[in-house]
Amino acid sequence: MDWIGSKIHSKTDRIQPISIENHFKNIIRFTELQKNPLKSKNIDLITEARKLLPELNMVILDQSGYCIYFPISLDTYLKIKNRDIDENQLDSRDLINYKNHDNPVFYCQSTT
């Protein structure tokens, strides 16, 4: 996952890892403000994604929102793409350890 870190050239204290205590309330608040029923508000899903991809699941502390990356299988992505399931139907069982898969998908849910 060094490829993502190598693209960030500026250092700032505004970028922090997602933490349960500080950020989940705001993630849910931003998601609800968007009034998009497809966005997930599943805390277990976000918690598991944070564990699997801590280097990508960071927050930028300003008013723009959050991006959460879910490592999922290609099959799960195709279900979303083909509208067999909606984004908000993902749960922690849909997440994968990307290191054990040949074609993982890093699905981004943005609240920006």
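This is a predicted model, so every value here is computed, not measured.

Topic: unusual backbone geometry
Then, in step 1: Of note in this structure, Arg83 is not a glycine but carries a positive phi near 60°.
Then, in step 2: Along the chain, the position of Arg83 falls in the loop between α4 (74-81) and β4 (105-110).

Observations concerning the environment of Leu56
Then, in step 1: Its place among the elements puts Leu56 in the loop between α3 (43-52) and β2 (58-60).
Then, in step 2: On the basis of relative accessibility, which here comes to 7%, the residue Leu56 falls in the buried class.
Then, in step 3: Along the sequence, Leu56 and Tyr69 sit 13 residues apart, while their C-alpha atoms lie 6.6 Å from each other.

Re the packing of aromatic side chains
Then, in step 1: Across all of its chains, the model carries 2 aromatic pairs by this definition.
Then, in step 2: Aromatic pair Tyr77 and Tyr107: ring centres 6.4 Å apart, planes at 55°, arrangement tilted. Remark: Tyr107 occurs in strand β4 and Tyr77 occurs in helix α4; sequence separation between them is 30 residues.
Then, in step 3: Centre to centre, the rings of Tyr98 and Phe106 are 5.4 Å apart; their planes meet at 65°, and the pair counts as edge-to-face.
Then, in step 4: On the basis of relative accessibility, which here comes to 26%, the residue Phe106 falls in the partly exposed class.

About the criteria used
- Residues numbered from 1 in each chain as written.
- Predicted model: local features only at pLDDT ≥ 70, side-chain atom pairs only at ≥ 80, totals over all residues.
- Heavy atoms only, no water.
- Helix = DSSP H or I, 4+ residues; strand = E, 2+ residues; numbered from the N terminus.
- Buried < 20%, exposed > 50% of the residue type's maximum accessible area, 1.4 Å probe, protein only.
- Phe/Tyr/Trp six-rings, centres within 6.5 Å; stacked < 30°, edge-to-face > 60°.

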